[in-house]
Each structure stands twice: as C-alpha cells, then as structure tokens.
Amino acid sequence: MPVWDDLVGQEKVSEQLDAAARDADALVTAVAAATPLPETSKMTHAWLFTGPPGSGRSTAARAFAAALQCVSPDRALGGSPGCGFCDGCHTSLIGTHADVQIVRTDLLSIGVKETRDLVRRAQMSPATGRWQVIVMEDADRLTEGAGNVLLKAVEEPAPRTVWLLCAPSLEDVLPTIRSRCRHLMLRTPPVAAVADILVRRDGIEPEVAAVAARATQGHVGRARRLATDPSARERRAAVLKLPLRVDDIGGCLKAAQELIDAASEDAKQMGEEIDAKETEELKAALGAAQGGRMPRGTAGVMKELEDKQKRRRTRTQRDSLDLALIDLTAFYRDVLALQFGTSRALANTEMQDTLERLARGTTPETTLRRIEAIAACREALDRNVAPLLAVEAMTMALRAG
C-alpha cells in the first residue's frame, strides 16, 4: 500500500510529492553512481505544509519522509518511491528511522534550545538512510528566537537534509522562513472520503463512520476518536446541550464552569499516566534511593520537569476547550443553514429537531452574532485570557443573542 494512500482527499498534493520523491531518488542515485545530476528537479530542501486542522498536514509530511527513505527494489524498475512496505518506509512512518526526526510539542511553544539541537542534527549526513529528514509538526509554535535560529539552517542547508514544516497557515510562519520553503496547501477532506477510510482502515461500522465524519466536518483524527471513544461522544453531547442552558445568568455561569471543568478533567486524564511515567523514569535516572529519597542537587531538575508537565497540561486543556468551541460553532452553523432554507450537509443530524426549533425561534442575524461570540472566545484564549472569564463572556453573549 503506497504511503500516499494515507492522504485523504489530497490527490493534487499526493501527485506533487510523488514527483518530488522521484526526483529526490534520482538525485541520490546520480550522486552514488557519480553520474551527471538531472538538470531540473521538483525536489527542494525545505517544504511548508499548510491546511486547516484535520487536513492531514503531518500525515503528508510523514508520507513524504517515508518516500524519501524508500529502499524498495521496484524503484530500479521504474516504480515510484513510497511503497509503504520496505524497511525505510515502515520505520519512517512509525517514527523509528534513524534519519527521520519527528518534532512535535505538548507545550505551548518550541524554544531556542530545542531548535538549536535540531539545527545541529540537520548538519549531519544521513546515518543509514538516503536523506536526513526533519519533520516539524508544530512549526507555528516556534518562538521568534527559535524561528531566527531555524532560518539560518533553511538558508544554508546541508546537501542531504530536508526540512518538512507543518502549520495551519502561511501567516503562522515567519515570512523569512516561508519564503525559502516550497508551499503545499492541503484542503479539508470530503466527509465521504473520511467515512470511507474509517471503514477501510479501522473497521468501523459504515453508519457510525458516516456520523463521526459528518460531525467533525472532515477532520480525520477527531472522526476516528469520536467513532471509537464513547467518552468523547459523551463530552460532545454535553457541549451541544449548552445552547439550551443559557436562558438566564445563572445558567450561563454554570454552563461555563462545567465546560472548563470538563476540559480540565480531560487534560488531567490524558496527562496523569504520562506525567507519572516521566517522573519515575527521571527519578531512576537520577539515582533515587529506595523509598523515593532524591540525591542532593537534583531538586532543580525535578522542578524543571514539573514546570514542563504543568505547561503541557495547560496546552491540553486549551486544546480540549477549543475542540468544544469548534463543536459549538458547528451547532450554530447548522442553525444558520436551516434559517437559510437548507438542510444539506448538516453536521448534527441527530439533533435536527432541536436545530429546527432554534432556527424558527431566532433570526439569522442573531445566529451570526452567536457564532462571532464563539470566535471571539477562541481569540481571547489564544491571547492567554483566563479560560473561565473568556467562556463566561461567551455564554453571556450567547444568551443575549
């Protein structure tokens, strides 16, 4: 199964990456055989993948990394790199290839220190593979200082190093960096394509897959989680009841608090196991005595780990809260669609009676103001406004209409 099969609804991008992988393979082969290099090539040293959440930016980058490391013998017979079965493809896709570095962060940003480590690695020749590939899944989280460090590496690349940067949009990356990258823009996958891959890859029932794909509006990862995780379905159902609970001020404040509590609990559940494992591993590495007593001089290291875990919980809480706000936006989008006289492509068909009741009882102008209130809440959270304050302001605006 070719690596490009994982790119749902991205046929044009798959073609571009396949052509670049062929040229990259020809370049490496020409250098190894000491033959003249191709005059023209679709391959370059830095790529920038952009697209909305769920479009598959990191999936595309990983697939391209696998194709660059492909060692399938079919290539010599004219086959395309990226077979998906050889050792190079397999280890790249699962994240164990020695020359493919996957960079993602659970924190709010990627700092200068981490970026300098990546730049040092980028100057090395491939150890076992054909290229040294660095996939940065959260390039939009680079601090300004980290971006300037990365710029130097992108301006003066090593001969066999490829940078694959992922970000939601061009504006999320420094202009000096994006101007030196080849840009590929991914689209939101069609709902039908997402449902199809859930059925084929994950063995999910077609009806469940269709509901999950429609509810998440083409976000592959969220659709998979919604289809396989009952607790995710319960949390989403609770969020979609919020518009019915903001009839008075008390209801607004209570709904806001419950939304924050649910996001905090979600972050806690996701982080507890990871935090405990990290703490135990660090204690063992520092030589903790039996009973947990730590050696002298290790308090600073443990404090640094605690701070990192705290920042990760903050990001996880914000991500969970943002997903809830996206579901809420989709709810009011459905109301707006009904107010304009169409029921096609509703995200929440299981709640159509509620949607129709709200559509009849309000005007499109009111619905648009409510959608804008949710967008304003998301922007406030991005600016580090206290989550409870931002959500309370939103619920009050939803009540006012």
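Not measured: the values here are computed from a predicted model.

Trainee: I keep staring at the UniProt feature "domain: AAA+ ATPase" (unreviewed entry) in the protein and nothing clicks. Help me out?
Mentor: The sites that carry the UniProt feature "domain: AAA+ ATPase" (unreviewed entry) are, in the present numbering, residues 43–189. End-to-end, the C-alpha atoms of residues 43–189 are 25 Å apart, and along that stretch the chain is 32% helix and 17% strand.

Trainee: Just checking my understanding: could you explain the side chain of arginine 130 for this structure?
Mentor: For arginine 130, the location among the structural elements is in the loop between α4 (112–122) and β3 (132–136). Only 2.6 Å separates the side chain of arginine 130 from the side chain of aspartate 25, close enough to count as a polar contact. Dropping the residues within four chain positions of it, arginine 130 is found in contact with Asp25, Val28, Thr29, Leu68, Gln69, Cys70, Val71, Arg75 and Arg160.

Trainee: In this structure, what is going on with the pattern of salt bridges? I would like to understand it.
Mentor: Opposite charge on two side chains permits them to pair, given that their charged atoms come into close proximity. Taken as a whole and judged by the stated rule, the model has 20 salt bridges. In this structure, arginine 201 and aspartate 6 form a salt bridge, with 2.5 Å as the shortest nitrogen-oxygen distance. Taken together, the residues span a long stretch of sequence, with arginine 201 in helix α7 (residues 191–202) and aspartate 6 in the segment before α1 (11–33) at a distance of 195 residues. Across the pair aspartate 327 and arginine 236 runs a salt bridge whose closest N-O atoms are separated by 3.7 Å. Highlighted residues: aspartate 327 in helix α12 (residues 299–339) and arginine 236 in helix α10 (residues 230–240), separated in sequence by 91 residues. For the pair aspartate 327 and arginine 236, a shared accessibility class is recorded, and that class is buried.

The rules we used
Residues numbered from 1 in each chain as written. Predicted model: local features only at pLDDT ≥ 70, side-chain atom pairs only at ≥ 80, totals over all residues. Heavy atoms only, no water. UniProt positions renumbered as here; feature names shortened; annotations may be inferred. Helix = DSSP H or I, 4+ residues; strand = E, 2+ residues; numbered from the N terminus. Polar contact = N/O pair within 3.5 Å; in protein donor to acceptor, adjacent residues only side chain to side chain. Contact = heavy atoms within 4.5 Å. Salt bridge = Lys/Arg side-chain N within 4 Å of Asp/Glu carboxyl O. Buried < 20%, exposed > 50% of the residue type's maximum accessible area, 1.4 Å probe, protein only.

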